[in-house]
Amino acid sequence: QVHLVESGGGLVQPGGSLRLSCAASGRLFRPYTMGWYRQAPGKQRELVASVTSNGNTNYADSLKGRFTISGDNAKNTVILQMNSLKPEDTAVYYCNLRSMFDTSWGQGTQVTVSS
């Protein structure tokens with residue numbers, strides 16, 4: 001079983017930046033994909049960005065250029081750098097890990113963009 005621990009959410013003003021981190025522990029099977037999803041009130045959960053254990057990245061089209069995802073295989077962590085944040089980025093952000101044998105979710109971290 002895989003356990004995901006997220007950190008880095010909070011309150012930021014429009015135009016600001018935040019860095020989310022997710023660390024995976026437990027029995028990991030490679031290859032795997034780690035990523036971030038988000039869910040705003042009244043909306044469906046959507047993919048923000050993901051990175052495979054081979055280093056391939058994938059982004060939601062609307063977020064390209066503002067968000068950057070990176071992974072550290074040695075530490076089984078993934079970082080989401082979010083820049084130029086907008087109020088519409090406000091949501092609960094969830095870390096996700098998928099492999100052939102397992103799909104795991106973190107508990108979620110709140111990101112609020114407001115002046």
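Residues numbered from 1 in each chain as written. Predicted model: local features only at pLDDT ≥ 70, side-chain atom pairs only at ≥ 80, totals over all residues. Heavy atoms only, no water.

**Q** Please explain the packing of aromatic side chains as it appears in this structure.
**A** Ring pairs (aromatic) are described by centroid distance and by the angle formed between their planes. Going through the model one piece at a time under the given rule, you end up with three aromatic pairs. The interplanar angle of 65° and the centroid separation of 5.1 Å between the aromatic rings of Tyr-37 and Trp-105 together place this pair among those described as edge-to-face. In this pair, Tyr-37 sits in strand 4 (residues 32-39) while Trp-105 sits in strand 10 (residues 103-105), placing the two residues 68 residues apart along the sequence. On the basis of relative accessible area, Trp-105 is assigned to the partly exposed category, the value being 40%. Seen in terms of ring centroids, Tyr-94 and Trp-105 are 6.5 Å apart; in terms of plane orientation they differ by 85°. Their pairing is edge-to-face. With a gap of 11 residues between them, Tyr-94 in strand 9 (residues 91-99) and Trp-105 in strand 10 connect regions that are remote in the sequence. A residue is classified by how much of its surface remains accessible, and Tyr-94, at 15% relative accessible area, is buried. Taken together, the aromatic side chains of Tyr-37, Tyr-94 and Trp-105 make up a single cluster linked through ring pairs. Sitting above the plane of the Tyr-94 ring, Arg-45 keeps its charged end 3.8 Å from the centroid. (Phe/Tyr/Trp six-rings, centres within 6.5 Å; stacked < 30°, edge-to-face > 60°. Helix = DSSP H or I, 4+ residues; strand = E, 2+ residues; numbered from the N terminus. Buried < 20%, exposed > 50% of the residue type's maximum accessible area, 1.4 Å probe, protein only. Lys NZ or Arg CZ within 6 Å of the ring centre and 35° of its normal.)

**Q** In this structure, what is going on with the side chain of Ser-53? I would like to understand it.
**A** Relative to the assigned elements, Ser-53 resides in the loop between strand 5 (46-52) and strand 6 (57-59). Assessed through its relative accessible area of 9%, Ser-53 is described here as buried. Once residues within four sequence positions are removed from consideration, Ser-53 is found in contact with Arg-30, Pro-31, Tyr-32 and Asn-73. (Contact = heavy atoms within 4.5 Å.)

By themselves, these observations are geometric and do not establish any function.
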